[in-house]
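Residues per chain, in single letters:
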Amino acid sequence: MFASHPIHTEAVAGIVGRADVGASLFFLLSLLCYVKHCSTRGYSARTWGWFLGTGLCAGCSMLWKEQGVTVLAVSAVYDVFVFHRLKMNQILPTIYKRKNLSLFLSISLLTFWGTFLLGARLYWMGNKPPSFSNSDNPAADSDSLLARTLTFFYLPTKNLWLLLCPDTLSFDWSMDAVPLLKTVCDWRNLHTVAFYTGLLLLAYYCLKSPGVERECNGKFVTNGKQNANGHSCHSDVEYRNSEIKPSFASKVENGIKNNASQRTQLPSTENIVVLSLSLLVIPFVPATNLFFYVGFVIAERVLYIPSMGFCLLITVGARALYVKVQKRFLKTLIFYATATLIVFYGLKTAIRNGDWQNEEMLYRSGIKVNPAKAWGNLGNVLKSQSKISEAESAYRNALYYRSNMADMLYNLGLLLQENSRFAEALHYYKLAIGSRPTLASAYLNTGIILMNQGKTEEARRTFLKCSEIPDENLKDPHAHKSSVTSCLYNLGKLYHEQGHYEDALSVYKEAIQKMPRQFAPQSLYNMMGEAYMRLSKLPEAEHWYMESLRSKTDHIPAHLTYGKLLALTGRKSEAEKFFLKAIELDPTKGNCYMHYGQFLLEEARLIEAAEMAKKAAELDSTEFDVVFNAAHMLRQASLNEAAEKYYDLAARLRPNYPAALMNLGAILHLNGRLQKAEANYLRALQLKPDDVITQSNLRKLWNIMEKQGLKTSKT
């Protein structure tokens, strides 16, 4: 039954489930060691070696997953209620009369070790439980005490139903997969009452004081005497009037073990039920929200260890029925019913394994249980497969079921941004920020879009707001810090482009302070170098260029900027090597040819410079900076016709950029296309009315046009 149960699929097929499988392995090893400790206690010096193995395996189990530490409590239950067969009313008298001190010592050591492990785990967590988003566990975030209480009491019932009838399984049960129980009139409360009533009755049946007649392995005994051929059991009189005799301990007479006695002292049905309940209930306790809130509503992998108790409980129940019924027909019916259950479990496991074949199938299988999460994750998968329209549809389906999911709003915005639908992308980024004001990546992309649209003041405010987000109660602190660092980097670039180099340096230094360990710093270091270079602080600039190259030896921008510095300081041959190295690293990058062309232009190697400029513009015809600079280089090389072509392309790439329009007007002016030149000058002045150079060029143009008798806009 355990091997075929479908609830195990997630723990076995999902990589994250390795934690549960590993914890289970050491959980069972720890329990087996304790069983050995119990059976050798008082008879062998090796008994404490077995106890040491119990503690070490329990620690390893906890390191795999926290619930592994519960094996110590299961071991204590086994020792008290199964091995020693104590009933609830016999525990205190046993302790009070100091009977069986070895039992008391073992339980005390288990308690001490468990407390130590829990204390160590709490210390590693910073003496506080982990934080989770509200959607991970909606009941924990509910303001209603009644809703929290009713829901938390109901969830174990739902988990038991998944063990009993695993018909509907899902990779994720968060959000609204299990609606909150908000009133006592919710019909699901009947399930809760039935579950806890059954659990308490079962526990009472197993732990109550022994009566006159009880079952032992299918045979009924009275006052400890067999009334049929079978095994003997202890009577109530034996428990009260003699020292407790362990049920599994070997007797030693004259140095020889009485193995026949050990074989006959098998546990009763009550003992097995107690062990089953302890395996079912105790490992599940950490997931009940009883001691601290957990980051899930239901997690199928968490049921891996409790399912051991469930399988044992079903088995002992079927066995008890099989023993009690007299008719062969009924015995056959029980046998085939149990076999059929195992077959159905196996078939469901095979089907569920198919869902775990790949991410797309897994997320599609979860749409029925958790449509918002499943559609959102499916959108990510479809996007990675370049199925853009299907991915967009999946994201919109997710938002239909839950419109305030910040991650999904951000993912849809990112998809739209990558497909140049910037207005829509900005809309969804703003919705994402409204849903989660600490989502730094949404601020980052919003700022980048605004900066590219020339809305520098809005971009600056967005980047500043991102940098001021506190590092508290974050869903992903590492990703947050990386996004904040990127915001500061882009804010520095913005200041740099505006010529505020001191402000840029201040922002870059703040970025370096906030930079997380996993952040790739080469671009940041390179921009630091550029800012120092613009301030004519060449030694500092060289230091940061070298830092950039040290952090990433094949960082192309650092090769280019360092090459410029070397050229500026007279180290021409070294500079040319760095430019050529940049081209070698990526021959398809037009920016590399553009920088090398500028170097050649400064060296008066005009023909080579012109070739580099054309190559750069051809390779990166959609990159404004490359095209604009290539046009500028061609103009300096007096290749005005070619320069006009690329100035025109640059103006089309950024139609609202005054410098592009002004330069296009200037080259048209030089090439004699006066009316087109006038139109571009006027458009540039509309965008930047106080530009002195454009005003001067326009006056000169009007003078020429008037001399040629051409109509001007001023007339």
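Model, not experiment: these values are computed from the prediction.

## Regarding the overall build of the protein chain
The number of helices and strands found in the protein chain is 34 helices and 5 strands. What you see for the protein chain is a C-alpha radius of gyration of 38 Å, clearly larger than the 27 Å of a compact globule of 715 residues, by over 25%. In the protein chain, which comprises 715 residues, the share counted as buried stands at 48%. Within the protein chain, counting contacts between residues at least 6 apart in sequence, those at least 24 apart form 61% of the total. Roughly 36600 Å² of accessible area belongs to the protein chain as shown, and the carbon and sulfur atoms make up 59% of that amount. In the protein chain, the 79 positive side-chain charges and the 61 negative ones have mean positions that sit 9 Å from each other.

## Details of the UniProt feature "repeat: TPR" (unreviewed entry) in the protein chain
As annotated in UniProt, the feature "repeat: TPR" (unreviewed entry) corresponds to residues 372–405, 406–439, 440–473, 485–518, 556–589 and 658–691 in the numbering used here. For residues 406–439, the end-to-end C-alpha separation is 8 Å, with 79% helix and 0% strand making up the annotated structure. This span, residues 658–691, is 79% helix and 0% strand, and a straight line between its end C-alpha atoms measures 9 Å.

## Points about empty space enclosed by the protein
Summed over all chains, the structure comprises 4 cavities of 30 Å³ or more. Lining the largest cavity are Leu155, Pro156, Asn159, Phe284, Ala287, Thr288, Asn289, Phe296, Val297, Ile298 and Ala299. For the lining of the largest cavity, a count of residues per class yields 8 nonpolar, 3 polar and no charged.

## A closer look at the pattern of salt bridges
All chains considered together, the criterion is met by 29 salt bridges. Across the pair Asp172 and Lys373 runs a salt bridge, and its minimum N-O distance is 2.9 Å. Here Lys373 lies in helix 16 (residues 371–384) and Asp172 lies in the loop between helix 8 (145–164) and helix 9 (188–207), a separation of 201 residues in the sequence. For the pair Asp172 and Lys373, a shared accessibility class is recorded, and that class is buried. The partner of Arg352 in a salt bridge is Asp355, and the shortest N-O contact between them spans 3.1 Å. Remark: Asp355 and Arg352 occur in helix 14 (residues 328–355); sequence separation between them is 3 residues, near one turn of the helix.

## A closer look at the packing of aromatic side chains
Within this structure, the stated rule accounts for 21 aromatic pairs. On the basis of an interplanar angle of 75 degrees and a centroid distance of 5.6 Å, the ring pair of Phe2 and Tyr304 is categorised as edge-to-face. Of this pair, Phe2 sits in the segment before helix 1 (9–13) while Tyr304 sits in the loop between helix 12 (269–281) and helix 13 (306–324), and the two are 302 residues apart along the sequence. Taking relative accessible area as the criterion, Tyr304 reaches 12% and is therefore assigned buried. Cluster of aromatic residues (ring-pair linked, three or more members): Phe624, Phe628, Tyr647 and Tyr657. Here Lys331 stacks its cationic end above the ring of Tyr322, 4.5 Å away from the centre of that ring. For the cation-ring pair, Lys615 lies above Tyr593, with the distance from its terminal atom to the ring centre recorded as 5.9 Å.

## Observations regarding the confidence of the model for the protein chain
Overall, the predicted model of the protein chain reaches an average pLDDT of 85, with 90% of residues at or above 70. Of the regions scoring below 50 in pLDDT, residues 211–245 engages in 68 contacts with residues more than four places distant in sequence or in other chains. Counted against residues more than four places away or in other chains, residues 247–264, with its pLDDT under 50, gives 25 contacts.

## Examining the packing of helix 8 against helix 13
Packed helices, taken two at a time, are described by their axes: the angle between them and the distance between them. Contact geometry of helix 8 with helix 13 gives a least axis separation of 11 Å together with a crossing angle of 60 degrees. Judged on the interaxial angle alone, helix 13 and helix 8 are oblique. Both helix 8 and helix 13 take part in a crossing whose hand is right-handed. Where helix 8 approaches helix 13, its residues Leu160, Leu163 and Leu164 are matched on the opposing element by Ser307, Phe310 and Ile314.

## Quick look at the environment of Val294
Tracing the sequence through the fold places Val294 in the loop between helix 12 and helix 13. Sequence separation of Val294 and Ala140 is 154 residues, and the distance between their C-alpha atoms is 8.4 Å. Those residues in contact with Val294 that sit more than four places away from it in its chain are Phe132, Asn137, Pro286, Ala287 and Asn289.

## A closer look at unusual backbone geometry
In this structure, Met175 is a non-glycine residue whose phi angle is positive, near 60 degrees. Tracing the chain through its elements places Met175 in the loop between helix 8 and helix 9. The exposure class assigned to Met175 is buried, which follows from its relative accessible area of 7%. Of note, Ser386 is a non-glycine position whose phi angle comes to about 65 degrees, a positive value. Turning to its location among the elements, Ser386 is positioned in the loop between helix 16 and helix 17 (388–401).

## Here we look at the packing of helix 26 (residues 556–568) against helix 27 (residues 572–585)
For the pair helix 26 and helix 27, interaxial distance at closest approach is 8 Å and the crossing angle is 165 degrees. It follows that helix 26 is roughly antiparallel to helix 27 by the angle criterion. By crossing handedness, the relation of helix 26 to helix 27 is classed as left-handed. Across from Ile556, His559, Leu560, Tyr562, Gly563, Lys564, Leu566 and Ala567 in helix 26, the residues of helix 27 making contact are Lys572, Glu574, Ala575, Phe578, Phe579, Lys581, Ala582 and Leu585. Among the residues forming the contact of helix 26 with helix 27, the class breakdown is 10 nonpolar, 2 polar and 4 charged.

## Quick look at the side chain of Arg41
By the secondary structure assignment, Arg41 is in the loop between helix 2 (18–40) and helix 3 (47–64). A residue is classified by how much of its surface remains accessible, and Arg41, at 8% relative accessible area, is buried. Here Asp79 takes part through its side chain, which lies 2.8 Å from a polar atom of the side chain of Arg41. Residues in contact with Arg41, not counting those within four places in the same chain, are Tyr34, Thr47, Asp79, Phe83, His84, Ser102, Leu103 and Ser106.

## Things to note about helix 28 (residues 590–602)
Taking 1.5 Å as the rise per residue, helix 28 with 13 residues should run 18 Å; its terminal C-alpha atoms sit 19 Å apart, in good agreement. In terms of residue burial, helix 28 counts as a mostly covered element, since 10 of its 13 residues are buried. Those residues of helix 28 that are buried lie in contact with helix 26, helix 27, helix 29 (606–619) and helix 30 (624–636). Note on helix 28: the residue one or two positions beyond its end, Ala604, has a positive phi of about 65 degrees.

## A word on the side chain of Asn663
Tracing the chain through its elements places Asn663 in helix 32 (residues 658–670). A residue is classified by how much of its surface remains accessible, and Asn663, at 11% relative accessible area, is buried. Setting aside residues no more than four positions away along its own chain, Asn663 makes contact with Phe628, Arg635 and Tyr647.

Calculation rules
- Residues numbered from 1 in each chain as written.
- Predicted model: local features only at pLDDT ≥ 70, side-chain atom pairs only at ≥ 80, totals over all residues.
- Heavy atoms only, no water.
- Helix = DSSP H or I, 4+ residues; strand = E, 2+ residues; numbered from the N terminus.
- Rg over C-alpha atoms; globule rule 2.2 N^0.38 Å.
- Buried < 20%, exposed > 50% of the residue type's maximum accessible area, 1.4 Å probe, protein only.
- Contact = heavy atoms within 4.5 Å.
- Areas by Shrake-Rupley, 256 points an atom, 1.4 Å probe, with all protein chains shown as cover.
- Lys, Arg positive; Asp, Glu negative; His and termini not counted.
- Charge placed at Lys NZ, Arg CZ, Asp CG, Glu CD.
- UniProt positions renumbered as here; feature names shortened; annotations may be inferred.
- 1 Å grid on protein atoms, 1.4 Å probe; cavity = no way out; pocket = protein on both sides within 12 Å on 5 of 7 lines; lining within 4 Å.
- Points joined across faces, edges and corners; volume = space filled by probe spheres on them.
- Nonpolar A, V, L, I, M, F, W, Y, C, P; charged D, E, K, R; others polar.
- Salt bridge = Lys/Arg side-chain N within 4 Å of Asp/Glu carboxyl O.
- Phe/Tyr/Trp six-rings, centres within 6.5 Å; stacked < 30°, edge-to-face > 60°.
- Lys NZ or Arg CZ within 6 Å of the ring centre and 35° of its normal.
- pLDDT = per-residue confidence, 0-100.
- Axes fitted to C-alpha atoms, helices over the stretch in contact; angles between N-to-C directions.
- Parallel < 35°, antiparallel > 145°, perpendicular 65-115°, else oblique.
- Left-handed = near helix turned anticlockwise from the far one by under 90°.
- Polar contact = N/O pair within 3.5 Å; in protein donor to acceptor, adjacent residues only side chain to side chain.
- Expected span 1.5 Å × (residues − 1).

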